[in-house]
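Summary of structural features
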Amino acid sequence: HLDDLAEFYTRAVETDVCGIFHLGFGKTHSVREIAEITSAVAEEKLGKKPEIEYLPERALGKRAMMGFTWDMQAANEAFGYTPRIDIRRVIERSI
């Protein structure tokens, strides 16, 4: 989220540390998870639960759902940075 990125950049410009740092939240989400979180948040905030249309699994099957998670340890060690805003909070701010 932009608030997390702003915090990281503020910390980074105050040091001489150089490198490549992964700044995501550290958790991978499937499209299904994001749709379900969005539906739940919409129901809480708007009083209506949007219906999710589940389509048949694609030819890639379970492999299409695989992903990887970025390791935030380097950013934490170099700058004391830990992202605070998870996907649910991002969605809550958007609805």
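Residues numbered from 1 in each chain as written. Predicted model: local features only at pLDDT ≥ 70, side-chain atom pairs only at ≥ 80, totals over all residues. Heavy atoms only, no water.

Looking now at the overall build of the chain. On a plain count of helices and strands, the chain comes out with four helices and zero strands. Beginning at the N terminus, the succession of helices and strands in the chain can be written as α-α-α-α. Taking the intrachain contacts of the chain between residues at least 6 apart in sequence as the baseline, contacts between residues at least 24 apart amount to 78%. Here the chain displays about 7,400 Å² of accessible surface, and carbon together with sulfur accounts for 56% of that area. (Helix = DSSP H or I, 4+ residues; strand = E, 2+ residues; numbered from the N terminus. Contact = heavy atoms within 4.5 Å. Areas by Shrake-Rupley, 256 points an atom, 1.4 Å probe, with all protein chains shown as cover.)

Mapped onto the elements of the fold, T28 is located in the loop between α1 (2-13) and α2 (31-46). Sequence spacing of T28 and I87 is 59 residues, and the spatial spacing of their C-alpha atoms is 9.7 Å.

One pass over the structure, following the stated rule, counts five aromatic pairs. Pairing F8 with Y9 gives two aromatic rings, centres 5.5 Å apart and planes at 70°, and the pair type is edge-to-face. For Y9, a relative accessible area of 48% puts it in the partly exposed group. Residues F21 and F79 carry aromatic rings whose centres are separated by 5.0 Å and whose planes lie at 70° to one another, so their mutual orientation is edge-to-face. Of this pair, F21 sits in the loop between α1 and α2 while F79 sits in helix α3 (residues 73-79), and the two are 58 residues apart along the sequence. The pair F21 / F79 is uniform in exposure class, with both members buried. (Phe/Tyr/Trp six-rings, centres within 6.5 Å; stacked < 30°, edge-to-face > 60°. Buried < 20%, exposed > 50% of the residue type's maximum accessible area, 1.4 Å probe, protein only.)

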